[in-house]
Amino acid sequence: MIFDKPDSVELLDAVNHFLNEKIKDEIPPHLAFKLRIVENVLNIVSREITLGEKLSNEVIKDLRELTEKDTANIKDLALLIKEEKLDLQNEDLKNLLVKLSKNKISIDNPNYSTFKKLID
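Calculation rules
Residues numbered from 1 in each chain as written. Predicted model: local features only at pLDDT ≥ 70, side-chain atom pairs only at ≥ 80, totals over all residues. Heavy atoms only, no water. Core = buried A, V, L, I, M, F, W, Y, C linked by side-chain atoms within 4.5 Å. Buried < 20%, exposed > 50% of the residue type's maximum accessible area, 1.4 Å probe, protein only. Helix = DSSP H or I, 4+ residues; strand = E, 2+ residues; numbered from the N terminus. Axes fitted to C-alpha atoms, helices over the stretch in contact; angles between N-to-C directions. Parallel < 35°, antiparallel > 145°, perpendicular 65-115°, else oblique. Contact = heavy atoms within 4.5 Å. Nonpolar A, V, L, I, M, F, W, Y, C, P; charged D, E, K, R; others polar. Patch = residues over 30% accessible without salt bridge, like charges linked within 9 Å, V, L, I, M, F, W, Y side chains within 5 Å. Areas by Shrake-Rupley, 256 points an atom, 1.4 Å probe, with all protein chains shown as cover. Salt bridge = Lys/Arg side-chain N within 4 Å of Asp/Glu carboxyl O. Left-handed = near helix turned anticlockwise from the far one by under 90°. Expected span 1.5 Å × (residues − 1). Arc of directions from axis to C-beta. Polar contact = N/O pair within 3.5 Å; in protein donor to acceptor, adjacent residues only side chain to side chain.

**With respect to the nonpolar core**
So, step 1. With ten residues, the main nonpolar core is built from Val59, Leu63, Leu66, Ala72, Leu77, Leu80, Leu86, Leu93, Leu96 and Leu100.
So, step 2. Looking at this core, the elements that each hand over two or more residues are helix 2 (29-67), helix 3 (74-82) and helix 4 (91-108).

Written out as structure tokens, the structure reads:
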């Protein structure tokens, strides 16, 4: 990488820390919820930068095997399901949908209680 420190994730963490430690107590209560939304967005972006490529590749590998296409994507999968070429009786489809859901939640909200149950 040609960029020096801090990297993107470190910058996002610094902004999040600033908002949480310096700004949070200084804003009126009606803005606290909006600040929490901003913090969540920063955390999602940070996780996507850190984990997104790995988690996407895991799903894409299985997606390609299931659809038998090298360029398979979620739209291809949806079309196969819509055309009834795949259904939930297919164990590979079930496993792919669970993996896809788990990977998405691990980016969007890894503290989600159902997600924690899924990964245990």
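**Describing the packing of helix 2 against helix 4**
So, step 1. Where helix 2 contacts helix 4, the two axes come as close as 8 Å, and the packing angle between them is 170°. Comparing their axes, helix 4 and helix 2 come out roughly antiparallel. Where helix 2 approaches helix 4, its residues Ile44, Arg47, Glu48, Leu51, Gly52, Leu55, Glu58, Val59, Asp62, Leu63 and Leu66 are matched on the opposing element by Asp92, Leu93, Leu96, Lys99, Leu100, Asn103, Ser106, Ile107 and Asp108.
So, step 2. Looking at the contact of helix 2 with helix 4 residue by residue, the classes come out as ten nonpolar, three polar and seven charged.

**Looking at unusual backbone geometry**
So, step 1. At glutamate 68, a position not held by glycine, the phi torsion is positive, near 60°.
So, step 2. Within the fold, glutamate 68 resides in the loop between helix 2 and helix 3.

**Section: a nonpolar patch on the surface**
So, step 1. On the surface, Phe33, Ile37, Val41, Val45 and Ile49 cluster together into a nonpolar patch covering about 450 Å² of accessible area.
So, step 2. Among the secondary structure elements, isoleucine 49 is positioned in helix 2.

**Concerning the packing of helix 1 (residues 8-23) against helix 2**
So, step 1. Following both chains from N to C, one finds helix 1 and helix 2 inclined at 165°, their axes separated by 10 Å at the closest point. As summarised for this structure, helix 1 and helix 2 are arranged roughly antiparallel, according to the angle between their axes. Considering only the axes of helix 1 and helix 2, their crossing is left-handed. Along the contact surface, helix 1 presents Ser8, Val9, Leu12, Asp13, Val15, Asn16, Leu19 and Asn20, while helix 2 presents Leu35, Val38, Glu39, Leu42, Asn43, Val45, Ser46, Ile49 and Thr50.

**Digging into helix 1**
So, step 1. Along its 16 residues, helix 1 runs 21 Å from first to last C-alpha, staying within 8% of the 22 Å computed at 1.5 Å per residue.
So, step 2. Restricting attention to buried positions, one finds in helix 1 the residues Val9, Leu12, Asn16 and Leu19. Down the axis of helix 1, the sector holding all buried residues measures 95°, keeping them to one side.
So, step 3. Looking at the buried positions of helix 1, the neighbouring elements they touch are helix 2.
So, step 4. Near the N-terminus of helix 1, the side chain that reaches the backbone nitrogen of valine 9, with its oxygen 3.2 Å away, is that of aspartate 7.

Purely spatial values, then, with no claim about function.
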